[in-house]
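# Residue-level structure breakdown
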Amino acid sequence: MIPVERHRSILALLKEQEVISINELTERLQVSHMTIRRDISKLETDGRVLSVTGGVQLAQTLHDELSHEDKALQNHDEKERISQTAYQLIEDGMMVYLDAGTTTLEIAKLVAENLKITVVTNDFVIANYLISYSNCPVYHTGGKIDRENKSCVGAKAAQTIKEFNIDLAFISTSSWNQRGISTPMEDKVVVKRAICNVSKTSCLVSDSSKYGKIAPFHAVDIEQFDLIITDSQLSQHALDGLTQKGLN
């Protein structure tokens, strides 16, 4: 059986049961553990599956994003720790982009208390917070309003971003894997890509609960990020794959 046939077989089996062990796959497909692990690695890189301890499962498809309020209730401790690490990268005088999101809002709270920087954001909550609690210059991208996430998206927002030279961009996502970040909203794609194109350093900030999920629209290749800040629950397999791609 050639690799593409094995890949189809693995995906077909995963549609029948939620998780399959490595041992079961080697028995069913009559190949070695090493071969199965290579197959799983390829499928995971393509965003089709997610490695778990001793086995594999289908990648979770994200069709809709949670509202800003619902996101704020999830994994708050992890977001705080991620923001504290992110904050260490910021220096006075920088122009910093804070992408729409509740993790980046935590970064904004630290910035407001301690740093003198210029902030660019497409997030209304972040902009309002900095207006109230900081003295730093703040630019909002404007553009098409995404009511659920209290931010702006689309071509108008992306065009505004292109007018800046960003020193450091913190980019959020609700779904990411070895291939990159994706989104259920097509209007977010141009914004994410514009940020990466104008930033000296692009940093993905996302907790591990979002890893292994995939949404309909691919936004940014994982290699376009200079570094990733996440929590310690990311699997060793995922860490190894990202490291092999040259990511910090």
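Residues numbered from 1 in each chain as written. Predicted model: local features only at pLDDT ≥ 70, side-chain atom pairs only at ≥ 80, totals over all residues. Heavy atoms only, no water.

As a further point, take unusual backbone geometry. Not every positive phi belongs to a glycine, and Gln30 is a case in point at roughly 55°. Within the element layout of this structure, Gln30 appears in the loop between helix H2 (22-29) and helix H3 (33-45). With a relative accessible area of 68%, Gln30 lands in the exposed category. In this structure, Lys150 takes a positive phi of about 55° despite not being glycine. Mapping Lys150 onto the fold places it in the loop between strand E8 (144-146) and strand E9 (151-153). Owing to a relative accessible area of 30%, Lys150 belongs among the partly exposed residues under this scheme. (Helix = DSSP H or I, 4+ residues; strand = E, 2+ residues; numbered from the N terminus. Buried < 20%, exposed > 50% of the residue type's maximum accessible area, 1.4 Å probe, protein only.)

Take the packing of aromatic side chains next. Enumeration according to the criterion identifies 3 aromatic pairs in this entry. On the numbers, 5.3 Å between centres and 65° between planes, the contact of Tyr139 with Phe164 is edge-to-face. One end of the pair, Tyr139, is in strand E7 (residues 138-140); the other, Phe164, is in the loop between helix H8 (154-161) and strand E10 (166-171), and 25 residues separate them in sequence. By relative accessible area, Phe164 is classed as buried at 13%. (Phe/Tyr/Trp six-rings, centres within 6.5 Å; stacked < 30°, edge-to-face > 60°.)

Turning next to the pattern of salt bridges. Pairing between side chains becomes possible if they bear opposite charge and their charged atoms approach one another. Applying the stated criterion across every chain, the model contains 8 salt bridges. Two residues, Arg6 and Asp39, come together in a salt bridge whose shortest N-O distance is 2.6 Å. A residue pair is termed long-range when its members are at least 10 positions apart, and Arg6 in helix H1 (residues 3-16) and Asp39 in helix H3 qualify at 33 residues. Each member of the pair, Arg6 as well as Asp39, is classed as buried. Notably, a salt bridge pairs Asp167 with Lys200, separated by 3.7 Å at the nearest N-O pair. Of the two residues, Asp167 is situated in strand E10 and Lys200 in strand E12 (residues 199-205); the sequence distance between them amounts to 33 residues. Asp167 sits in the partly exposed class, given a relative accessible area of 22%. Given a relative accessible area of 64%, Lys200 falls into the exposed group. (Salt bridge = Lys/Arg side-chain N within 4 Å of Asp/Glu carboxyl O.)

Note on helix geometry: an α-helix contains 3.6 residues per turn, so any two residues three or four positions apart are oriented the same way. Buried within helix H10 (residues 236-244) are the following residues: Ala238, Gly241 and Leu242. All buried residues of H10 project into a common sector of 95° when viewed along the axis, lining one side. What points out from H10, more than 90 degrees from its buried face, is the exposed set Gln236, Thr243 and Gln244. Here the buried face of H10 lies against strand E15 (227-229). One side-chain oxygen of the residue at the start of H10 lies 3.0 Å from the amide nitrogen of Ala238, identifying that residue as Ser235. Looking at the residues trailing H10, positive phi occurs at Gly246, about 85°. (Arc of directions from axis to C-beta. Contact = heavy atoms within 4.5 Å. Polar contact = N/O pair within 3.5 Å; in protein donor to acceptor, adjacent residues only side chain to side chain.)

Geometric descriptors of this kind do not, in isolation, establish any biological role.
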